[in-house]
Each structure stands twice: as C-alpha cells, then as structure tokens.
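# Chains, contacts and geometry: an overview
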Amino acid sequence: MNRKEFLADCGKKGLAGVALSLFPWLESCSEKAQQEVKGEKARIGMIGTGSRGLYHIKNLLRMPNVEMVALCDDYRPHLENAAQYYPNAKLYDDYRKLLEDKSVDGVIVTTPLYLHGRITMDALRAGKRVFCEKSMAFTLDEALDVYNCRKEMNGVLLIGQQRLFDPKYARAMQMIHEGKIGKVVGVRNYWYRNNDWRREVPSPELERRINWRLYSEYSRGLMTELACHHLQNGSWAMGMLPEKVMGSGSLLHWNKDGRDVYDAVSAIFTYPNGVNMTFESIISNKHFGMGEQILGTEGTIDLVTCMRYTDEPAPKGSGMHQLVAQIENGVMSNSVFAGTSWAAETSSLAPGIPIMDNVTISTGESTVGAEADGSIEIMEAFVHAVITGKQPEKVLEESYYATQFALLADKAMHENAILTLDEKYRVPYEPMK
Amino acid sequence: MKDTIITAGAKRRELWILLACFVVANMVNWYAIIRFAAPWYEIFTQIGYVVVTTLVFYLLILILRLAQKLIVYLKQK
Ligand SMILES: NC(=O)c1ccc[n+]([C@@H]2O[C@H](COP(=O)([O-])OP(=O)(O)OC[C@H]3O[C@@H](n4cnc5c(N)ncnc54)[C@H](O)[C@@H]3O)[C@@H](O)[C@H]2O)c1
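Residues numbered from 1 in each chain as written. Chains lettered and ligands numbered in written order. Predicted model: local features only at pLDDT ≥ 70, side-chain atom pairs only at ≥ 80, totals over all residues. Heavy atoms only, no water.

### What to know about the overall build of chain B
Rules: Every helix listed is a DSSP run of H or I at least four residues long, and every strand listed is a run of E at least two residues long, numbered separately from the N terminus. As a reference, a globule follows 2.2 Å times the number of residues to the power 0.38, and the radius of gyration itself is taken over C-alpha atoms. Partly exposed residues are those whose accessible area sits between 20% and 50% of the maximum for their type, while under 20% is buried and over 50% is exposed, using a 1.4 Å probe and protein chains only. Any pair of residues with heavy atoms lying within 4.5 Å of one another is described as a contacting pair. The Shrake-Rupley method, run with a 1.4 Å probe, gives the accessible areas here. Residue values count only the displayed protein chains as cover.
Counting secondary structure elements, chain B contains three helices and zero strands. Counted from the first residue to the last, chain B has its helices and strands arranged as α-α-α. For chain B, the C-alpha radius of gyration of 17 Å lies well beyond 11 Å, the compact-globule estimate for 77 residues. For chain B, the spread of C-alpha atoms along the principal axes amounts to about 55 × 25 × 20 Å. Of all 77 residues assigned to chain B, the portion counted as buried reaches 21%. Within chain B, contacts between residues separated by at least 24 positions form 65% of all contacts whose residues are at least 6 apart in sequence. Accessible surface, chain B as shown: approximately 6,400 Å² in total, 75% of it carbon and sulfur.

### As for the packing of helix α1 (residues 8–35) of chain B against helix α3 (residues 47–76) of chain B
Residue and element names in this part refer to chain B. Formally: Here the axes come from fitting lines to C-alpha atoms, over the contacting stretch only for helices, and the angles between their N-to-C directions go from 0 to 180 degrees. Put simply, angles under 35 degrees are roughly parallel, angles over 145 are roughly antiparallel, angles from 65 to 115 are roughly perpendicular, and the rest are oblique. Crossing chirality is assigned from the near helix's rotation relative to the far helix, an anticlockwise turn below a right angle marking it left-handed and a clockwise turn marking it right-handed. The nonpolar class holds Ala, Val, Leu, Ile, Met, Phe, Trp, Tyr, Cys and Pro. Asp, Glu, Lys and Arg form the charged class, and all remaining residues, Gly among them, are polar.
Contact pair α1 / α3: the axes reach a minimum separation of 8 Å and the direction vectors enclose 130°. The orientation of α1 relative to α3 falls into the category oblique. Between α1 and α3 lies a crossing of right-handed hand. The residues of α3 that touch α1, namely those facing Arg13, Glu14, Ile17, Leu18, Cys21, Phe22, Val24, Ala25, Asn26, Val28 and Asn29, are Ile47, Val50, Thr53, Thr54, Phe57, Tyr58, Ile61 and Arg65. Here the residues of the contact of α1 with α3 are counted per class, giving 12 nonpolar, four polar and three charged.

### Details of the nonpolar core
Residue and element names in this part refer to chain A. Rule in force here: Only buried Ala, Val, Leu, Ile, Met, Phe, Trp, Tyr and Cys residues count toward a nonpolar core, and they belong to the same one when joined by side-chain atoms within 4.5 Å. In this document the domain limits rely on a domain assignment from an automatic tool or a database.
If you look at the biggest cluster of nonpolar residues, it comprises 124 residues, and the most contacted ones within it are Leu60, Leu71, Phe165, Met223 and Phe269. It is helix α14 (residues 395–415) that provides the largest number of residues to this core, a total of 11 residues. When residues of this core are sorted by domain, at least three fall in each of domain 1 (3–164 + 375–393) and domain 2 (182–312 + 345–368 + 396–425). Setting aside chain neighbours within four positions, we find Phe269 in contact with Met223, Leu231, Pro242, Lys244, Val245, Val275, Asn276, Met277, Phe279, Phe405 and Ala409.

### Thoughts on the site of the ligand
Residues and elements named next belong to chain A. Put simply, the rule reads: Only heavy atoms are used to decide nearness, and a residue is near a molecule or strand if one of them lies within 4 Å of it. In the analysis that follows, any N or O atom pair within 3.5 Å is treated as a polar contact, provided that within protein one partner can donate a hydrogen and the other can accept it, and provided that, for residues neighboring in sequence, both atoms belong to side chains.
The full set close to the ligand counts 27 residues, and Arg52, Asp73, His78, Gln162 and Glu225 are the nearest of them. For the ligand, an oxygen atom lies 3.2 Å from a polar atom in the backbone of Thr111. One of the side-chain nitrogen or oxygen atoms of Arg209 is found 2.8 Å away from an oxygen atom of the ligand. Across the complex, the protein chains shield 93% of the 840 Å² of accessible surface that the ligand would expose by itself. Looking at the shell around the ligand residue by residue, the classes come out as six nonpolar, 12 polar and nine charged. Residue assignment places the shell around the ligand across two domains, with domain 1 (3–164 + 375–393) and domain 2 (182–312 + 345–368 + 396–425) each supplying three or more.

Structure (structure tokens):
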C-alpha cells in the first residue's frame, strides 16, 4: 500500500478523520491538499547539491508543481552535476546570494551538518520557506536558536525526518497507540554497517570537505547522521520525551584514517515511565542491519520490516492438563537447578503479520537515501508548504527533540555522564498520539 | 474352578467406592478450573479425564485394600 492508497484506505474505513487527526502533518500529502495547490508552482532553490541534494532533485523532477530556480554549492563539480537536471536554474557558489534572489520562495538545505543552523536561520530571516536536512543543528543552543527563529519569523520549516511521512510508520504508530501491542515496555534501535563510511576523495586537500561526516568539526557522527531518525520514532511511539540519557562511544575499528568521530556507539534513553530506548550503531559488522523495534507487553512491531509479532502465549490446555503438568513438573524438578529461569530463551520464530501490503523495505545501507521511505512525501509536504505558507503541525517539535537528544547522547558519551535535557532547551511539545 | 459369589452388599460397597472416587475426581477438575482460571464448561468437556481419574483413584484404593487384607492375613497365620 502506498501513501495515496493508505489515505484512501483510511477514507474507505471511515478513518480519514481519525488518521488525519492523529497525523495532521500528513494532511499536506492528502488528495485534497494536492488539489489545493494544483497548477501553482513552488519556486525552489537548493543549497548543497551533493549526494542527498541530488537524491531530492530526482524526486522533485517528478513533481509537476516544482520549479527549481536556483542551485548553490561552493564545490563546482557538485554544482555542475546538479545543473544538468535543471539547465535553466541560476547557479550560485555563495548561499547568501541565493537567499537574496527574489525569485526563490523555498530553500532546501542539504549541506553538511555544521552549516544547517546558520543557513536555515539566514534563509528564514530572508523570508524563505525552508526544508533542512536532519539533524536540525550542530549544537543544543543552535537547535534552540533555529526553533526560536522559525517562531519569530512565523516561517515554514521542515526538517528531513522523513519517517514521519512514511505511511508504514504512520500505520504502525496508529497500531501502537491503539494498544495493539499492549503497553510499550521498550524501544530498541540499531544501525549496523560494515564499511568505513568514507567517500572517495579526488585529491587529498578535499578530504575534510568530502568526508565531513568523519570529523567532529562538521558532524557529530553516528548520533546526528543516523540515530536522530530512530530517536524520533521513540517519542512518536511513546508519546513522551526521554528524561535522561547515557551512552558510550568509541573509535573502535576505523581508527587509522584520522577521523575523530566514534565508529561504535551505544546509548540508552530513559522515559519518565521507566521505559528504556536504546540505540546502537557499529560500522564494522553488518549482520543485523538496521532495526527499529517497539516492544509491547502483547507484541512487537518492527518498523523497518513493517511487521507485527504477537506475544500471545501458547495455548495452555485445559485446567486438568495444567494441573497434571504442574504435578509432573513438581515431581520432575530438581531443586538444586531451580526452575525455568535457567532455560535459555531463543528468539521467537513466530511469523509476523505485515502491517501493510506491498511495502518497500530499507536495509539502511544507503548513505544517500532509501526508496519509499517517506522522502517523497516529506518533499510534497514541503512543496505544499512553500505554496501555501502553512507550517505542518507538530513535526518541527518532533524533529527538534530528535536532534536535541542525538546531540545530548553524543555529549553524554564524551562526558561519560548521565544527562538530562536542560529546561532552557524545552519547547512546547504535544505528543503525537 | 470354584464359583465365586459376589454378595449384593459387596457390589453395593464397590459402587459406593466408585461413586466416591468419581466425586473426588470431579472435585479435582473443579479445583483445576478455579486454580488455572479455565472455563467452567470444562466440567463437561473434561469428563473423559474425570472418568480416567476416577478409575485411577479406584485402582489405588483397591491396591491399598488388597495390601491391607494381605497384612491381616499374614498376621493371622
Ligand atoms: N534524511 C536522510 O535520510 C539523509 C540521507 C543522507 C544525507 N542526509 C543529510 O543531508 C545532508 C547532506 O548530506 P550529503 O550526503 O548530501 O553530503 P555531501 O557531502 O554529499 O553534500 C553536501 C554538499 O554541500 C556542499 N556545501 C558544503 N558547504 C557549502 C556551502 N557553504 N555552501 C554551499 N554548499 C556547500 C558540498 O560541497 C556538498 O556538495 C547531511 O546533513 C546529511 O545528514 C540525510
């Protein structure tokens, strides 16, 4: 089921109102909203035409109400590469010039992380509507500044947390909020790869420019590049924000090339009700791939594979059977070796139930972007917002906190401490349930 | 081979013992239903188990009675 089918299906079941009231930010992807902007054009400029920029360009090319009017990159080969797709777009090597361009209504920021905050705020102040890739900012303070700047300018800002716009995630969250897996008792995230996370460098002086992800001067590594997607799932499922964060990171395997961000991290986020959310990433073993699992008392939802597993206990048999079994156990058990806690529990082989049909599953291996992962939908929502000037509800706060907790976990790892998010960073948060 | 005469009293006694075993087996079933929060219709659906349990109880009692008789017999000798 794709997005349109999902929304249509909700309609068929008389759930349209429910689904959209649960996920109001999806409204901009609805048929009605798309009709609203039919025939109108969103005049867009892109800053940072690297690999993610090109990925978005390929999606934007399929959207009839997008006009790419300007492209900007201070690395010529990337700019020229992007210009092939939009030969009529104006080309800039200084983003400030693009922001001065009156023909640009909306800006897509796909630069390295350390520039996100600065460019986003400059763009908002220039009156542009902004889509900025995750994570929202480079530091806790900067994220707050970006949030406040959007509010002050009453502008439009979307952050590239595309899972929020992925129909399979929305459907899964709806099931979780309806109690289909019972009480949520754990959130387990992991992202494993087995590669050095490097990009090829044409000449040595470009190392830091091309491989900015590997240097703490430009990026916070695995937490801001990968974890922020997963952390946002946790609060979406839990309907609350973590209370404290602890973690450990190390430069374990890829430690001979001069990089200074961790290549192995493990973090625990504890919610006020005691539930723990974990995130682990290792980039020198990929056996388990990527996982985003919500664990409930009556079942488990794997968001990545889009499957639901029930924890229904095996049929117990009649009272008499159980009594006989208990007597047998009593006779057979050996008091020295105690009871069942000694029995090794292997993972359940119960077959899951698909949450939706015909879904495309991402392995998490691509560093550019997966297929059918909500990226098209989030772009459609942005295009809609550029034309209408309406800020989609709730998603900014969700992205804001995903960034803050990714940054806080990174800080906890560096300081070897258990941290809570300072009150000054708290912004109004309405749970998405 | 000698003819064996089972008196009406002996038959009645055996039937009473069997009935008592049946009642006890039913009580075990009720206990199991309550103990394991099983549905009450198991009073009927588990009747097979109850009958088997009845026979087991009866057999156990029979063995005890025979053992008792044997001891008395040996003592009298
Ligand atoms: N949402 C997702 O799933 C997802 C996936 C991949 C990447 N991303 C994000 O997208 C962003 C870009 O990642 P990428 O893989 O495309 O990196 P990249 O290095 O391929 O591209 C970044 C581009 O920005 C350009 N740039 C750097 N400084 C600039 C400046 N001052 N002015 C203009 N251009 C400048 C670089 O020359 C480069 O072309 C990152 O923040 C990354 O986290 C998000």
